[in-house]
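Observations on chain architecture
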Amino acid sequence: MSSTEGTSRNVIPAQLLRGQKALVTGANSGIGRATAIALGRAGADVVVNYVAGREEAEKAVEEITAFGVRAAAYEADVSVEDQVVAMTNRMVQEFGTIDILVANAGLQRDAALTDMTLAQWQKVLDVNLTGQFLCAREATKEFLRRGVVPEVSRAAGKIICMSSVHQIIPWAGHVNYASSKGGVQMMMATMAQELAPKRIRVNAVAPGAIKTPINRSAWETAQAQEDLLQLIPYKRIGDPEDVAHAVVGLASDLMDYVVGTTLYVDGGMTLFPGFATGG
Ligand code: NAD
């Protein structure tokens, strides 16, 4: 079972984020791509960040501009400080400001603990955790500089961190990834506490199993799908749009009083599905 793209895509109010400028990292693929497009559909101007795969980024830009908003593709490695600083400065110059940051870029380098190299550990921490820190820090400087513009949003800025159900579910063979997402949870909550008095809202979205290139092996074969569905009470694998819609909601003033929360978008994966029959 899976929702059709058409039905899940067309539910976004077109003016929800009108006049807002959104930066989405890792937006040339999977969840980031769907999120960038959904933000555009909601009326935001969007910067599509990518580190490799310019063509895909340009295609996303084309899809977004078809909604009558502005979009551009910016290359930057989110784990490299100079590149993040240059990207956010460029966005402020070319788009005027940043209202919404979706810190989405992420990757996996899987290995059993005793086989995991320091390089594999470090790469995942650098991109998944340090990358979000750098982007959040730079976006926050702009939020603080500009302050609240009531005609645009009740908040001075919104940060949505892309976490994972593995911020609370341990994951054998993925100690680097699970640790990075556990870190994202605490980083998000700490930033939320620190920045709320400045009217900056920081929240996270924690996807479960979403069909994207990052987890191809988990849904590619019929057997893999069947195994995966055992872990999902709602009995369907998620679409990138399922996550994108949660991000659009959190970024909007509809959720202006939501601060420091993780929204699980997981079909119930965090409900200990094994206990439905056992325990
Ligand atoms: P994906 O592989 O399709 O997308 C990841 C994106 O991040 C790609 O565009 C990639 O190029 C980009 N990226 C990687 N390193 C980067 C860097 N250094 N700088 C800039 N961009 C970089 O996978 P996805 O599933 O869309 O993953 C997006 C986010 O969602 C990740 O943070 C991932 O951990 C999270 N997530 C995904 C799932 C899932 O089931 N797919 C579940 C939980 C969390």
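The following refers to the structure shown. Please read these numbers as outputs of a predicted model, since none were measured by experiment.

1. Observations concerning the packing of aromatic side chains
Following the criterion strictly, the structure yields 3 aromatic pairs and no others. Aromatic pair Phe272 and Phe275: ring centres 6.3 Å apart, planes at 85 degrees, arrangement edge-to-face. Above the face of the Phe95 ring, Arg70 is positioned so that its terminal group lies 4.1 Å from the ring centre. Over the face of the ring belonging to Tyr74 we find Arg90, whose NZ or CZ atom lies 3.8 Å from the ring centre.

2. Some words on a nonpolar patch on the surface
Taken together, the side chains of Leu113, Leu118, Trp121 and Val175 make up a nonpolar region of the molecular surface, amounting to roughly 410 Å² of accessible area. Under the relative-accessibility criterion, Val175 is labelled partly exposed at 33%.

3. Some details on the side chain of His166
As for its position among the elements, His166 is in the loop between strand 5 (157-162) and helix 6 (175-195). Within polar-contact distance, the side chain of His166 engages the backbone oxygen of Ile169 at 3.0 Å. With sequence-adjacent residues up to four places away left out, His166 is seen in contact with Trp171, Tyr177, Ala178, Lys181 and Gly182.

4. A closer look at the nonpolar core
In terms of nonpolar packing, the biggest core is built from 37 residues, with Leu39, Val46, Val48, Ile64, Val205 and Val243 touching the most fellow members. Taken together, the elements giving at least two residues each to this core come down to strand 1 (21-24), helix 2 (30-41), strand 2 (45-50), helix 3 (54-65), strand 3 (71-75), strand 4 (100-103), strand 5 and helix 9 (240-251). Take this core: its biggest share by element is 7 residues, from helix 9. Residues Val47, Phe95, Ala139 and Met187 belong to the second largest nonpolar core, which totals 35 residues.

5. So, the site of the ligand
Around the ligand sit 28 residues in total, of which Asn28, Ser29, Asn104, Tyr177 and Thr212 are the nearest. With respect to the ligand, the side chain of Tyr177 contributes an N or O atom lying 2.6 Å from an oxygen atom. Note that an oxygen atom of the ligand is positioned 2.9 Å from one of the side-chain N or O atoms of Asn215. Isolated, the ligand exposes 820 Å² of accessible area, and the fraction of that covered by the protein chains is 91%. With respect to the detected pockets, the ligand is housed in the largest pocket. Taken together, the elements giving at least two residues each to the shell around the ligand come down to helix 2 and helix 6. Residues that form the shell around the ligand fall into these classes: 14 nonpolar, 12 polar and 2 charged.

6. Overview of the pattern of salt bridges
The tally for this structure, following the rule as stated, stands at 13 salt bridges. Across the salt bridge formed by Arg90 and Glu94, the nearest N and O atoms sit 3.2 Å from each other. Placement of both Arg90 and Glu94 in helix 4 (residues 81-95) is noted, with a separation of 4 residues, approximately one turn of the helix. The class of Arg90 is partly exposed, set by a relative accessible area of 35%. The salt bridge involving Arg154 is made with Asp256; its shortest N-O contact spans 3.7 Å. Taken together, the residues span a long stretch of sequence, with Arg154 in the loop between helix 5 (118-146) and strand 5 and Asp256 in the loop between helix 9 and strand 7 (262-265) at a distance of 102 residues. For Arg154, a relative accessible area of 53% puts it in the exposed group. The class for Asp256 is buried, based on a relative accessible area of 17%. Residues joined by salt bridges that share partners form a network here, namely Glu81, Arg137, Glu138 and Lys141.

7. Considering the sheet that holds strand 3
Taken in spatial order, the 7 strands of this open sheet run 3-2-1-4-5-6-7, and their pairing is parallel. With partners counted over all chains shown, the strands left at the sheet margins are strand 3 and strand 7, one partner each. For this sheet, the mean inter-axis angle between neighbouring strands, taken without regard to orientation, is 20 degrees. In the sheet, strand 5 pairs with strand 6 (residues 200-207) via 6 bridges, with the strands oriented parallel. In the strand pairing of strand 6, Ile160 is matched with Asn203. Packed on one face of the sheet, helix 6 meets strand 5, strand 6 and strand 7 and runs near 160 degrees to strand 6. Strands in contact with helix 9 are strand 4, strand 5, strand 6 and strand 7; relative to strand 6, the strand with the most contacts, it is inclined by about 165 degrees.

8. Considerations on the environment of Arg109
For Arg109, the position within the fold is in the loop between strand 4 and helix 5. Accessibility expressed as a relative area gives 36% for Arg109, which makes it partly exposed. Along the chain, Arg109 and Gly278 lie 169 residues apart, while their C-alpha atoms are 33 Å from each other. Leave out the neighbours within four places in its chain, and Arg109 touches Met116, Gln120, Lys123, Val124 and Asn176.

The rules behind each value
- Residues numbered from 1 in each chain as written.
- Predicted model: local features only at pLDDT ≥ 70, side-chain atom pairs only at ≥ 80, totals over all residues.
- Heavy atoms only, no water.
- Phe/Tyr/Trp six-rings, centres within 6.5 Å; stacked < 30°, edge-to-face > 60°.
- Lys NZ or Arg CZ within 6 Å of the ring centre and 35° of its normal.
- Patch = residues over 30% accessible without salt bridge, like charges linked within 9 Å, V, L, I, M, F, W, Y side chains within 5 Å.
- Areas by Shrake-Rupley, 256 points an atom, 1.4 Å probe, with all protein chains shown as cover.
- Salt bridge = Lys/Arg side-chain N within 4 Å of Asp/Glu carboxyl O.
- Buried < 20%, exposed > 50% of the residue type's maximum accessible area, 1.4 Å probe, protein only.
- Helix = DSSP H or I, 4+ residues; strand = E, 2+ residues; numbered from the N terminus.
- Polar contact = N/O pair within 3.5 Å; in protein donor to acceptor, adjacent residues only side chain to side chain.
- Contact = heavy atoms within 4.5 Å.
- Core = buried A, V, L, I, M, F, W, Y, C linked by side-chain atoms within 4.5 Å.
- Near = heavy atom within 4 Å.
- 1 Å grid on protein atoms, 1.4 Å probe; cavity = no way out; pocket = protein on both sides within 12 Å on 5 of 7 lines; lining within 4 Å.
- Sits in = over half its atoms within 2 Å of the grid points.
- Nonpolar A, V, L, I, M, F, W, Y, C, P; charged D, E, K, R; others polar.
- Pairing = 2+ DSSP bridges.
- Axes fitted to C-alpha atoms, helices over the stretch in contact; angles between N-to-C directions.

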